Amino acid sequence: MEKFIIHGGRKLSGDIKVNGAKNSALKVLAASLLTDQEWKISNVPQIEDIFHLIELLKSLGVEVENGSKGIYQLKAKNIKATSLKLNIAQKLKGSILIIGPLLARCGETFFPQSGGCVIGQRPRDIFLSGFEAFGAKIKESKQGYCLTTRGLKGTKFVFPLVSVTATETMILTAILAKGKTVLKNAACEPEIVSLVDFLNKCGAKIKGAGTPFIEIEGVSFLKGGQHQVMPDRIEAGSFIILGAAANSPIKVTGLNPDHLDVLWFLLDKAGVDLEIGKDFVKVKPGFKLKAVNLKTHEYPGFPTDLQAPFTVLMTQAKGISLIHETIFEGRLFYTDSLNQMGANIILCDPHRAIVHGPSKLFGRRLISPDIRAGIALVIAALIAKGESVIENVIQIDRGYEKIEDRLSKIGAGIKRI
Ligand code: EPZ
């Protein structure tokens, strides 16, 4: 298993460019199943999750041409399979997105009981009630769910709680359904707005993306098109938080600062000096960190995917901060690793932790539990005194492309073995 060896405590400086967004690219690529025309998608991050999805699309019969770096040409002319394999569904939770398009195009599909993951149960109840609302028949077995339909019909569907991929999946299911669909309590993430902008360019009729109320008029087909994946706001936020934690002049380029307003607000309250440009954000060192409270919330609230990196920052801040993770029930257990490094964090319950800072962190042998806790441990190791070894880095590779090369370029002592 590959590991990172990290020598902490170095001053970092320089520019780091943001890649295309994993949580946007996955959805755009999955949506290609809706059309038999060619789609050309660029700025796709070259990360594990993308490679797994491309394999899955190919296994379903989608012709995929992987052009030069990060450009994919896809054509779902003859879909030859309609079931989602268990191993992929377990590795890639977002793969459930393909179920809507497969139902719409082939009238039948199967998705396995894929269980939870490190960060939580990841139930699929909202997806099932959504597919039923469109008129799909669902047969449940120990292995999973077989869905069939003689033709999807537009519906009114209210999400019982805000779910990002459930919102995206119901949008994809509605596009070719007969008649009008109204979605209420939909997620408002920028990745959804970007997906819908592209789908509308290809002939879909979707209004209200980015708000909790979305209306879709079913159409009979989608045209071909080209799309450049939007910048990854979570990668951008992770790098800015690294710069703040290392009190170093890091400049993150190629992002849309409007996608991270709550992060800028909290970093300002915590005393971090930032220069926020049109498509860059720069950390201006020399500030004193103050503890602030954090509560994760669906967009435009503070993203749960930045909770772990921000908690590392709070270990360096003076005072007490309450970290309230409202979205997932398994997303605070990495704090045990931070305590082993010298942090002073009390895990009150699966959703709340209290951080007393500042604490001096020391290098340790660590295991990366999931993508975002993984990058948080990298940040902690980079500001800790001494050497750290981080195992299970495949988890980090799922969300951050060539992370050790990019961090080394700004002075980080990190290498992969
Ligand atoms: C998406 O996951 C992202 N993944 C996650 O990023 C992100 O953390 C999450 O949204 C929240 O922003 C992708 O976009 C591929 P949810 P998703 O459905 O859609 C509950 C990363 O690290 N729920 O919005 O799966 C669920 O348990 C990943 O890049 C149900 O109860 O998250 C959670 O508590 C991690 N029933 C809450 O909704 C359902 O049927 C919100 O989860 C579906 C979800």
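Note: the structure precedes this text.
Every residue gets a number counted from 1 within its own chain, in the order that chain's sequence is written. Reporting in this predicted model follows two pLDDT cut-offs: at least 70 for local features of residues, and 80 or more for side-chain atom pairs to be given and counted; totals over whole chains, interfaces and linings ignore these cut-offs and use all residues. To obtain the side-chain values, all non-hydrogen atoms of the structure were used and water was disregarded.

**Re the pattern of salt bridges**
Now for step 1: Any Lys or Arg side-chain nitrogen located within 4 Å of an Asp or Glu carboxyl oxygen qualifies as a salt bridge. Evaluated as defined, the whole model comprises 15 salt bridges.
Now for step 2: Among the ionic pairs, Glu-401 bridges to Lys-69, the shortest N-O distance being 3.2 Å. With Glu-401 in the loop between helix 13 (394-397) and helix 14 (403-408) and Lys-69 in the loop between strand 4 (63-66) and strand 5 (72-75), this pair connects stretches of sequence that are 332 residues apart.
Now for step 3: Glu-391 is paired through a salt bridge with Arg-365; the nearest N and O atoms lie 2.3 Å apart. In this description a helix means any DSSP run of H or I spanning at least four residues, a strand means any run of E spanning at least two, and both kinds are numbered starting from the N terminus.

**Description of the packing of helix 8 (residues 233-245) against helix 10 (residues 307-314)**
Now for step 1: Fitted lines through C-alpha atoms serve as axes, helices being fitted only where they are in contact, and the angles separating the N-to-C directions of these axes extend from 0 to 180 degrees. Two elements in contact, helix 8 and helix 10, have axes whose closest approach is 9 Å; the angle formed by their N-to-C orientations is 5°. Considered as vectors, helix 8 and helix 10 are oriented roughly parallel to each other. Here Ser-238, Ile-241, Ala-244 and Ala-245 of helix 8 come into contact with helix 10, specifically with Pro-309, Phe-310 and Leu-313.
Now for step 2: All residues other than Ala, Val, Leu, Ile, Met, Phe, Trp, Tyr, Cys, Pro, Asp, Glu, Lys and Arg, Gly among them, are scored as polar; the first ten of these are nonpolar and the last four charged. Of the residues assigned to the contact of helix 8 with helix 10, the class counts are 6 nonpolar, 1 polar and no charged. Under this scheme an angle from 65 to 115 degrees is roughly perpendicular, one under 35 degrees roughly parallel, and one over 145 degrees roughly antiparallel; angles in between are oblique. Contacts: residue pairs with any heavy atoms within 4.5 Å of one another.

**Some details on the sheet that holds strand 23 (residues 413-416)**
Now for step 1: Two strands form a pair only when DSSP identifies at least two bridges running between them. With respect to topology, 4 strands assemble into an open sheet ordered 21-22-1-23, the strand pairing being mixed. If you trace the sheet from one side to the other, it starts and ends with strand 21 (365-367) and strand 23, each paired once. With direction set aside, neighbouring strand axes in the sheet form an average angle of 20°.
Now for step 2: With 4 bridges connecting them, strand 1 (residues 4-7) and strand 23 associate as antiparallel partners. Bridged to Phe-4 within strand 23 is Arg-416.

**Some remarks on the site of the ligand**
Now for step 1: In the vicinity of the ligand, 22 residues are found, and the nearest of them are Ser-163, Thr-165, Asp-305, Ile-327 and Arg-372.
Now for step 2: Pairing of N or O atoms within 3.5 Å defines a polar contact, subject to two protein rules: one partner must be a possible hydrogen donor and the other a possible acceptor, and residues neighboring in sequence count only if both atoms are side-chain atoms. A distance of 3.0 Å is found between an oxygen atom of the ligand and a side-chain nitrogen or oxygen belonging to Asn-23.
Now for step 3: Within the side chain of Asp-125, a nitrogen or oxygen atom sits 2.7 Å from a nitrogen atom of the ligand.
Now for step 4: Residue assignment for the shell around the ligand shows that the elements contributing at least two residues are helix 1 (22-31), helix 5 (125-133), helix 6 (164-174) and helix 12 (371-383).
Now for step 5: For the shell around the ligand, the residue count by class is 10 nonpolar, 4 polar and 8 charged. The near set for a molecule or strand comprises every residue that places at least one heavy atom within 4 Å of it.

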